[in-house]
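# Summary of structural features
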Amino acid sequence: MEVAQIAQLLSETLSPNSNVVRAASEALERLSVWPDFPFSLLSIAAGGENQGQKVAAATYLKNFTRRSINDDGTLSSKVSKEFKDQLMRALLQVEPAVLKVLVEAFRVIVAAEFVKQDSWPELVPDLRSAIQNSNLISNNADCQWKTINALTVLHALLRPFQYFLNPKVAKESVSPQLELIAKEVLVPLLSLFHHLVEKALATHDRTEMEMEKILLTVCKCIYFAVRSHMPSTLAPVLPSLCRDLIAILGSLSFDCAVNMEDGYLVRLKTGKRSLLIFCAFISRHRKHSDKLMPDIINCVLNILKYSRNISELDFLSDRVVSLAFDVISHIMETGPGWRLVSPHFTFLLDTAIFPALVMNEKDSAEWEEDADEYIRKNLPSDLEEISGWREDLFTARKSAINLLGVISMSKGPPVGTSSSGSSASSKRKKGEKDKRYGQRRFMGELFVLPFLSKFPIPSDANASQTRILNDYYGVLMAYGGLQDFLREQEPGYITSLVCTRVLPLYKMSVCLPYLVASANWVLGELAPCLPEEMSADVYSSLLKALAMPDKEDTSCYPVRVSAAGAIAKLLENDYAPPEWLPLLEVVIGRISNRDEESSILCQLLSSIVEAGDENVAFHIPYIVSSLVGAISKLIPANPEPWSQVVEQGFAALAVMAQSWENFMPEELEQNELSEKWASGRATVGRAFSALLQQAWLSPVHQLDQEGEASPPPSCIEDASTLLLSVMLSVTGSNVLLELKVSELLLVWADLIADWHAWEETEDLSVFNCIKEVVNLHSKYGLENFLVRRMPSPPAPPVPERSIIEGIGVFVSEAILQYPSATWRACSMVHLLLHVPSYSSETDGVKQSLAIAFSRGAFSRFREIRSKPCSLWKPLLLAISSCYLCYPHVVEGILEKGEGGGCAIWASALGFLLTSSCQYGLSATSEIKLIGLIVF
């Protein structure tokens, strides 16, 4: 095989011409069956004409190797020993861009052969030799084997061992392969690592990129080796390794004036990896690392003193400080670590944790410049997370709060008696015991809260003192991190804290948005442990914050968003406001085209309706009209996917629609109640119809480029709930026309016919709509239900899909989906075939439905027929319903593609008749249906 030919084809795959790319790819696919093909790719990857061609060869080889893995995880015979040897040699020589791709092919082979099969015995010795003889270690400038390449191969070899290989085993021993790598490669490498660290740290004013990359890669290898396991040969060298890692961390500078050159950025990454190694030591290997704890703690404390510069740190430096906090947290959470850390509590709180929490100058500037952006960076972006820090932000501030919570939950020394205590005890009644004697109190009570109490709460008198305001921001952040500790306290303890240190902020005449937003967050965090008697005061303060308007040039968006989250937390913990309407009015009144805030308010609205139940349902007609008015202004004029706020608005309206239907009185005996409820249902129906008409029947949505209806496929599930409410409000043919039900159903049927959002939690309202459509047609006769009238000129005289035809496409597809959708869809089959009044002119529609339903049901049945299960019954009954209508047609479908289809179906029906109630027929109607077929 000509290497030049393959090289040319690889170059052509980089062409901007799609036809050229396709032709080259097809030619390469044909050549891939030849034995020499992978060797040619290796040759090009190592020595191609240009980097693009080399990377293309490496990429094709990676994909080729992945395809060589058999179904059982073993490696195909196509991957020979000769190929593996050549791959190893190529890996040791190629340039970084090619190595990054080519090493992925190596990882595939390693996972299949070395990890799973414990084969490739020469791999570890060959790799050890390659490292020893590489350019920087052998000091041979002419050596073609690159040290960084050899270590990258080691890194890829160790990656699988960072996890337990058999998660079903409770305590998995170290695999022999990992023990071999540690003994033959890692332990000798650590001696070299020590000398490299000394050499790298000797150059104080500069860094060498290649040296720094080697240090980082070695640290990555160590981390993967110890993350889950501890190889026996590594344990004795941990003290030496720990000293080297501490030396690397000690070389880091967190002075913002440091020149962040590329080499130093790699050093920061090495420091980050060193802290991750410490976390692994502490969490997974305490018996090997206990003696190292004092040195690790001192090292980490030296880093944490720079938390005062947190606002000036770049992302990577901030991550290092964040991990330093995490190391202390890990130490305190495992074993007797708090004894080692407790002497440093004062330093930690005063010099490290609290400085990381205060509002610094940069924070203040960002808040004043763009409060929206600040809150997006520092507080969560959606209501589910609104009362806590965003999970995707690994910030030093977040880690500091976490550590503060760990400290507060740690226990101090046992409480003993004092000289004053002895006199007090003498006054106790006979038999009364001192319950506190001998108990260990939380450090939150003994240490943390007393520290925080020294910071005065802002008031109108000191509102001009920036230091007081900024410090109190840190106090509030600290309170939010103490929820676990506070939940352990008596209710009066929390009441006193909230009443004296949080709620006064809401009564200040001077507006302090960032403090109020933080106070909202604290109240949301403490919602589960707030005493019932103070929930009303908390709610009143939060409602005031929720309605807070922007102040001149200062945005109060964070105040409103955090208040929404805190109120949602109160409702989740069963708090019921004295009046629901004021809250509803505030929420709806603030929904506008401000997408993010309005989306959160719509989510809060859903929570309010769900929590308020019948207390809110009474107000639904009024609030539906208001919310529909707000949402209608936000629906785009062009047929594009809707914005988040529109989708969340539809979701809130759907919750209201369901709540309203559930609120329907069981007995409408009182005329006044009956009339009021009927009037409310009419109001709700008109509002939903108007909104759906705007969304679906607007002129711009009527025709797409092919002349077909094309509304945006947004919120179909929630829109179906609204449509159902519209249909339920119909009381006569005149209302049917007024609400344009038939027109809406035509669009809806087209939308569900193209449904692709099959999930377990979806589509229930669509099926409910189908039932009501059939019911409505039975009562009033829906236009375009069975057959759609011919379109008016100049459109071509081709009839479009009717309502029931669109529904039929949806039901046919639903039969093939997840189990609950199959059950629901099969229950629709009999309804759609037998309830509507078909005529001789519309019999073709009925037959096409029966064909689609029986074909889909039998296809699904064949997938599961090997073992009886609960899905047998709905599928077989659906086929039976179709068979009663068109026996010969259904027989032809069953026999098509597989002989004996009718016999399979009949045999399964017989099983249903004779089986236990687990799979058998449970209703008289089901037995009657089968009886009609059998007899």
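No experiment lies behind these values; they were computed from the predicted model shown.

As a further point, take the overall build of the chain. For the chain, the count of helices and strands is 47 helices and two strands. For the chain, buried positions account for 52% of its 935 residues. For the chain, the share of sequence-separated contacts (at least 6 apart) that also reach a separation of at least 24 residues comes to 72%. Carbon and sulfur atoms form 51% of the exposed surface of the chain, whose accessible area is close to 43100 Å².

Core analysis: the largest hydrophobic core is formed by 313 residues, its most contacted members being Phe106, Leu154, Leu348, Phe650 and Trp748. The greatest single-element share of this core, amounting to 12 residues, is contributed by helix 10 (residues 176–202). Setting aside residues no more than four positions away along its own chain, Leu154 makes contact with Leu127, Ile131, Ile181, Val185, Leu186, Leu189 and Cys221.

The predicted model of the chain averages 85 in pLDDT, with 85% of residues at 70 or higher. Counted against residues more than four places away or in other chains, residues 385–393, with its pLDDT under 50, gives 34 contacts. Across residues 700–709 the pLDDT falls below 50, and counting only partners more than four positions away or on other chains, this stretch makes 21 contacts in the model.

In this structure the tally under the stated criterion is 17 salt bridges. One salt bridge in this structure joins Arg67 and Glu29, with 3.9 Å as the shortest N-O distance. Highlighted residues: Arg67 in helix 4 (residues 51–67) and Glu29 in helix 2 (residues 18–31), separated in sequence by 38 residues. Residue Glu29 is classed as partly exposed on the basis of its relative accessible area of 40%. A single network of salt bridges, built from pairs that share partners, joins Asp550, Arg560, Arg590 and Glu597.

Checked against the element boundaries, Asp550 lands in the loop between helix 28 (535–546) and helix 29 (557–572). Sequence separation between Asp550 and Pro513 is 37 residues, and the spatial gap between their C-alpha atoms is 9.3 Å. Discounting residues that sit within four places of it in the chain, Asp550 has contacts with Ser555, Cys556, Tyr557, Arg560 and Arg594. In this structure the side chain of Asp550 is engaged in a polar contact, spanning 2.9 Å, whose partner is the backbone nitrogen of Cys556. Polar contacts involving the side chain of Asp550 include one to the side chain of Arg560, which spans 3.1 Å.

All right, on to unusual backbone geometry then. Unlike most non-glycine residues, Asp118 shows phi in positive territory, near 55°. For Asp118, the location among the structural elements is in the loop between helix 6 (96–115) and helix 7 (123–132). Backbone geometry places Asn784, a non-glycine residue, at a positive phi of 70°. Mapped onto the elements, Asn784 comes out in the loop between helix 40 (764–780) and helix 41 (803–815). The exposure class of Asn784 is buried, given its relative accessible area of 10%.

Glancing now at helix 31 (residues 595–612). With 18 residues, helix 31 ought to run about 26 Å at 1.5 Å a step, and its terminal C-alpha atoms sit 25 Å apart, in line with that. For helix 31, the tally of buried residues reaches 13 of 18 residues, placing the bulk of the element in the interior. One or two positions beyond helix 31, positive phi appears at Asp613, with a value near 55°.

Here we take up the packing of helix 3 (residues 37–47) against helix 4. Helices that pack against each other are described as a pair by the angle of their axes relative to one another and the distance between those axes. Interhelical geometry of helix 3 versus helix 4 gives an angle of 145° and a closest axis separation of 7 Å. Helix-helix and strand crossings are classified by hand; for helix 3 and helix 4 the assignment is left-handed. Two secondary-structure elements touch here, helix 3 through Phe37, Pro38, Leu41, Leu42, Ile44, Ala45 and Gly47 and helix 4 through Gln53, Lys54, Ala57, Ala58, Tyr60, Leu61 and Phe64. Within the contact of helix 3 with helix 4, the residues separate by chemical class into 11 nonpolar, two polar and one charged.

Moving on, we come to the side chain of Glu212. As for its position among the elements, Glu212 is in helix 11 (residues 209–226). Overall, the relative accessible area of 1% leaves Glu212 in the buried class. Setting aside residues up to four positions removed in sequence, Glu212 forms contacts with Ala200, Thr207, Gly263, Val266, Arg267 and Thr270.

So, about the environment of Lys362. Of note, Lys362 is situated in helix 19 (residues 361–369). Residues Lys362 and Glu312 lie 50 residues apart in sequence; the distance between their C-alpha atoms is 7.9 Å.

Moving on: helix 21 (residues 396–409). Between the first and last C-alpha of helix 21 there are 20 Å, a value that for 14 residues agrees with the 20 Å anticipated at 1.5 Å per step. Counted residue by residue, helix 21 has 11 buried out of 14 residues, so it is predominantly covered. Turning to helix 21, its buried residues number three or more, namely Ala396, Arg397, Ser399, Ala400, Ile401, Leu403, Leu404, Gly405, Val406, Ile407 and Ser408.

Thresholds, definitions, all that
- Residues numbered from 1 in each chain as written.
- Predicted model: local features only at pLDDT ≥ 70, side-chain atom pairs only at ≥ 80, totals over all residues.
- Heavy atoms only, no water.
- Helix = DSSP H or I, 4+ residues; strand = E, 2+ residues; numbered from the N terminus.
- Buried < 20%, exposed > 50% of the residue type's maximum accessible area, 1.4 Å probe, protein only.
- Contact = heavy atoms within 4.5 Å.
- Areas by Shrake-Rupley, 256 points an atom, 1.4 Å probe, with all protein chains shown as cover.
- Core = buried A, V, L, I, M, F, W, Y, C linked by side-chain atoms within 4.5 Å.
- pLDDT = per-residue confidence, 0-100.
- Salt bridge = Lys/Arg side-chain N within 4 Å of Asp/Glu carboxyl O.
- Polar contact = N/O pair within 3.5 Å; in protein donor to acceptor, adjacent residues only side chain to side chain.
- Expected span 1.5 Å × (residues − 1).
- Axes fitted to C-alpha atoms, helices over the stretch in contact; angles between N-to-C directions.
- Left-handed = near helix turned anticlockwise from the far one by under 90°.
- Nonpolar A, V, L, I, M, F, W, Y, C, P; charged D, E, K, R; others polar.

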